[in-house]
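# Working through the structure, step by step
Letter by letter, the chains look like this.
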Amino acid sequence: MNKQLDLLNKLKNNDLFLIFIILQPILDVLTALSIYYFQASITIGLLVRMAFMLISIVYIFFLNNSKYKKIITSYLIVFLTIVGVGFLTNYFIKPNFSLFSELQYTTKSVYFVIMFLSYLLVLTSLNYSSKMDKYQSFIVYSMVIVGVVLLFTLLTGTGFDTYKYNKAGNKGWFYSGNELSAILSICFPMVVLFAVKKSTSLKKAYFWIPVLVVGFAAIMVGTKVGHLAIILVCALTPILLGLELLAIKLGKLSSSINIKLNLIISIVIVAAVALITPITPAFTNTSGHYSSVAEEIAEESSETEVEEEEGSGTEDKVEELEKEEKENFTAKLLDNKVLSVLLSSRDKYFIKLNNDFIEAPAQQKMFGMGYAGNWEKAPKLIEMDFFDLFYSFGIIGFTAFMLPFISILLVAVKQLLSLKLQLIRLNVLFPLMSIVLAVGIAFLAGHVLYAPAVSIYVSVILAIILAQIMPKSNNQLEI
């Protein structure tokens, strides 16, 4: 009984949500070990995350004091109803319905929305101001744990290889290299923001050490996503610092951050990243990737020349070809070897699911085709999150899923018009950079919105942004 009361008190004080952030790397390591050594299909990480999702639902409906509680609970009821209608629709009309796969995929996808709503309620509750920095810091602590684990496994040679064949990279004691890379990429701007805020003098420049640890770890995983994300964030950091410095000099903003010191350090780090990039696994893999693209371009060019030399058909043939091109427009549009290399053949799975969607009945168009569409032989996702979510949950379901992103866009535009330069602050811009990276990775590489290990960070950062830019009683940002 005392333990139950203690759990309720932690929920009401929001401490459990902080603890859950720092637990993420531990859950990820336990997940990898349970898969590699016990071949478990239901892992410890999945069980703990699903249990916490249920706890979060209880918190959303009964245990928070946010002024946004009513609108959020109303949205959640509508959202879960839409998902439930889609699930039941597919149960009755989908050609192949695997109950376990459908439940697993639906639960993982819903997880993102529920965690976003719970953290938004936490950060807009009465003690929001005192907790905001803690939530940002705990994301950083979590990333430091990930970075230290990766570096330790590199030094001891105990880590798992990111790729099975022909590519370099180490993913430490974690299971999915793609998910790990996405986590480090999305959270890296938060680590940089932490360093910028804490490095108030030269003596405190050691707060940039986590930036070096996390950045190096992300590059050593070996994926092009992590490699390009680190380069992008490092390149943008001096620009954002320079803009803030300019705004301060013009008297438009005031700041307690040591902009000049952080600007110098960030420029040095950009130079360091440029120097070490040629010897990293990510660069080796990416170079090979670009070589493949170049070969495909050369091959396509030679094929086009041959076709032009041989093409001397009749008018009937030309008309027939034009007709075929119109009928297979989507396939023709994506039937490009260069595009296939860049997207790692995801375009082929897109064509398959798109054809399924076109042929699907109206109910499935509205509420989705469920996990991997109307598959026949074996289910396969596109691994481009927005397309997967659209085809899985339909027009209505996908719109409901996108409301968190739409809400941020609408509130940001409204606040930008009223608060102007107050919104253009580092405390907003760096988390926003994280979300831009999350959207980009979700769109091109997947493993973000329906991967609980990744989506938890997206949920927290989304909630941080929205909580900061929402209108306050004094019409000021709490940054």
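Residues numbered from 1 in each chain as written. Predicted model: local features only at pLDDT ≥ 70, side-chain atom pairs only at ≥ 80, totals over all residues. Heavy atoms only, no water.

### Here we look at the overall build of the protein chain
Filter applied, for reference: Per the convention used, a helix needs a DSSP run of H or I reaching at least four residues, while a strand needs a run of E reaching at least two, with both numbered from the N terminus. Exposure is judged per residue with a 1.4 Å probe applied to protein chains only, and the accessible area is read against the type maximum: over 50% gives exposed, under 20% gives buried, and values in between give partly exposed. The contact definition used throughout considers only heavy atoms, calling two residues in contact when any of these lie within 4.5 Å. Computed with the Shrake-Rupley method and a 1.4 Å probe, the accessible areas treat only the protein chains shown as cover for residues.
Counting secondary structure elements, the protein chain contains 19 helices and zero strands. Counting every position in the protein chain, which comprises 479 residues, the buried fraction comes to 49%. Within the protein chain, residue pairs in contact and separated by at least 24 positions form 76% of the contacts whose partners lie at least 6 positions apart. Total accessible area computed for the protein chain in this model is approximately 23500 Å², and 66% of it derives from carbon and sulfur atoms.

### Observations concerning the side chain of Ser-459
The criterion, for reference: Pairing of N or O atoms within 3.5 Å defines a polar contact, subject to two protein rules: one partner must be a possible hydrogen donor and the other a possible acceptor, and residues neighboring in sequence count only if both atoms are side-chain atoms.
Summarising the element assignment, Ser-459 is placed in helix H19 (residues 452-469). Residue classification places Ser-459 among the buried residues on the basis of a relative accessible area of 0%. At 3.2 Å, the side chain of Ser-459 and the backbone oxygen of Phe-112 are in polar contact. Residues in contact with Ser-459, not counting those within four places in the same chain, are Phe-112, Met-115 and Phe-116.

### Here we look at unusual backbone geometry
The backbone phi angle of Ala-372 is positive, close to 60°, even though this residue is not glycine. We note that Glu-383 has phi near 70°; this positive angle belongs to a residue other than glycine. Looking at the secondary structure, you find Glu-383 in the loop between helix H16 (362-367) and helix H17 (385-419). For Glu-383, a relative accessible area of 23% translates into the label partly exposed.

### Considering the packing of helix H9 (residues 224-249) against helix H18 (residues 426-444)
As a reminder, the rule being used: Note on definitions: angles span 0 to 180 degrees between N-to-C directions of axes, and those axes are lines fitted to C-alpha atoms, for helices only across the stretch in contact. Working rule for angles: under 35 degrees goes down as roughly parallel, over 145 as roughly antiparallel, 65 to 115 as roughly perpendicular, anything else as oblique. The sense of a crossing depends on the near helix, which, turned anticlockwise from the far helix by less than a right angle, makes the crossing left-handed and, turned clockwise, makes it right-handed. As a working rule, the residues Ala, Val, Leu, Ile, Met, Phe, Trp, Tyr, Cys and Pro are called nonpolar, Asp, Glu, Lys and Arg charged, and the rest polar, with Gly in that last group.
With their axes 11 Å apart at the nearest point, H9 and H18 run at an angle of 155° to one another. As judged from the angle between their axes, H9 and H18 are roughly antiparallel. Considering the relative orientation of H9 and H18, their crossing is right-handed. Two secondary-structure elements touch here, H9 through Val-225, Ala-229, Leu-232, Val-233, Leu-236, Thr-237, Leu-240, Leu-241 and Glu-244 and H18 through Leu-426, Leu-429, Phe-430, Met-433, Leu-437 and Ile-441. Looking at the contact of H9 with H18 residue by residue, the classes come out as 13 nonpolar, one polar and one charged.

### Let's talk about the pattern of salt bridges
Threshold: Salt bridge criterion: a side-chain nitrogen from Lys or Arg within 4 Å of a carboxyl oxygen from Asp or Glu.
Applying the stated criterion across every chain yields a total of six salt bridges. Asp-356 is the salt-bridge partner of Lys-352, the closest N and O atoms lying 2.6 Å from each other. With a gap of four residues between them, Lys-352 and Asp-356 both fall in helix H15 (residues 346-359), about one helical turn apart.

### Describing the packing of aromatic side chains
For the record, the criterion: Between the rings of Phe, Tyr and Trp (Trp by its six-membered ring), a pair exists once the centres lie within 6.5 Å; its type follows the angle of the planes, with under 30 degrees stacked, over 60 edge-to-face, and the other angles tilted.
Applying the stated rule across the entire model yields 31 aromatic pairs. Centroid distance Phe-17 to Phe-52: 5.4 Å. Interplanar angle 75°. Geometry classified as edge-to-face. With Phe-17 in helix H2 (residues 15-38) and Phe-52 in helix H3 (residues 44-62), this residue pair connects regions lying 35 residues apart in the sequence. The residues Phe-17 and Phe-52 share a single accessibility class, namely buried. Where Phe-20 meets Phe-52, the ring centres are 3.8 Å apart and the plane angle is 10°; that geometry is what we call stacked. Linking Phe-20 in helix H2 with Phe-52 in helix H3, this pair joins segments that are 32 residues apart in sequence.

### Re H2
To keep it simple, the criterion reads: Expected span, for any helix, means 1.5 Å times one less than how many residues it has.
The end-to-end C-alpha distance of H2 is 33 Å, a good match for the 34 Å that 24 residues give at a rise of 1.5 Å each. Gln-39 lies just past H2 and shows a positive phi near 50°.

### Thoughts on the packing of H3 against helix H5 (residues 99-123)
For the pair H3 and H5, interaxial distance at closest approach is 9 Å and the crossing angle is 45°. On the basis of their axis angle, the class for H3 and H5 is oblique. Read as a crossing pair, H3 and H5 show a hand that is left-handed. In this structure, H3 uses Leu-46, Arg-49, Met-50, Phe-52, Met-53, Ser-56, Ile-57, Tyr-59 and Ile-60 to contact H5, whose residues at the interface are Gln-104, Thr-107, Lys-108, Val-110, Tyr-111, Ile-114, Met-115, Leu-117, Ser-118, Leu-121 and Val-122. Taken together, the residues of the contact of H3 with H5 sort by class into 14 nonpolar, four polar and two charged.

### Side note on the environment of Ile-276
Its place among the elements puts Ile-276 in helix H10 (residues 259-276). According to the relative accessible area criterion, Ile-276 is partly exposed, its value standing at 31%. For the pair Ile-276 and Phe-216, spaced 60 residues apart in the sequence, the C-alpha separation amounts to 9.3 Å.

### With respect to the environment of Ala-205
As for its placement among the helices and strands, Ala-205 is situated in the loop between helix H7 (177-198) and helix H8 (209-221). Along the chain, Ala-205 and Asn-262 lie 57 residues apart, while their C-alpha atoms are 8.3 Å from each other. Ignoring sequence-local partners within four residues, the contact set of Ala-205 consists of Ser-199 and Ile-265.

### What about the environment of Phe-160?
Inspection of the secondary structure assignment puts Phe-160 in the loop between helix H6 (128-156) and H7. The residues contacting Phe-160, other than those within four sequence positions of it, are Tyr-36, Tyr-37, Gly-169, Asn-170, Lys-171, Gly-172, Trp-173 and Phe-174.

### What about a nonpolar patch on the surface?
Where we set the bar: Surface patches are drawn from residues lacking salt bridges whose relative accessible area is over 30%; two like charges belong together within 9 Å, two nonpolar side chains (Val, Leu, Ile, Met, Phe, Trp, Tyr) within 5 Å.
Among the surface-exposed residues, Ile-19, Leu-23, Ile-26, Leu-30, Ile-44 and Val-48 lie close enough to one another that they form a single nonpolar patch of about 420 Å² accessible area. Of all the secondary structure elements, the ones that give two or more residues to the nonpolar patch are H2 and H3. The element that contributes the greatest number of residues to the nonpolar patch is H2, accounting for four residues. Relative to the assigned elements, Val-48 resides in helix H3. Accessibility expressed as a relative area gives 30% for Val-48, which makes it partly exposed.

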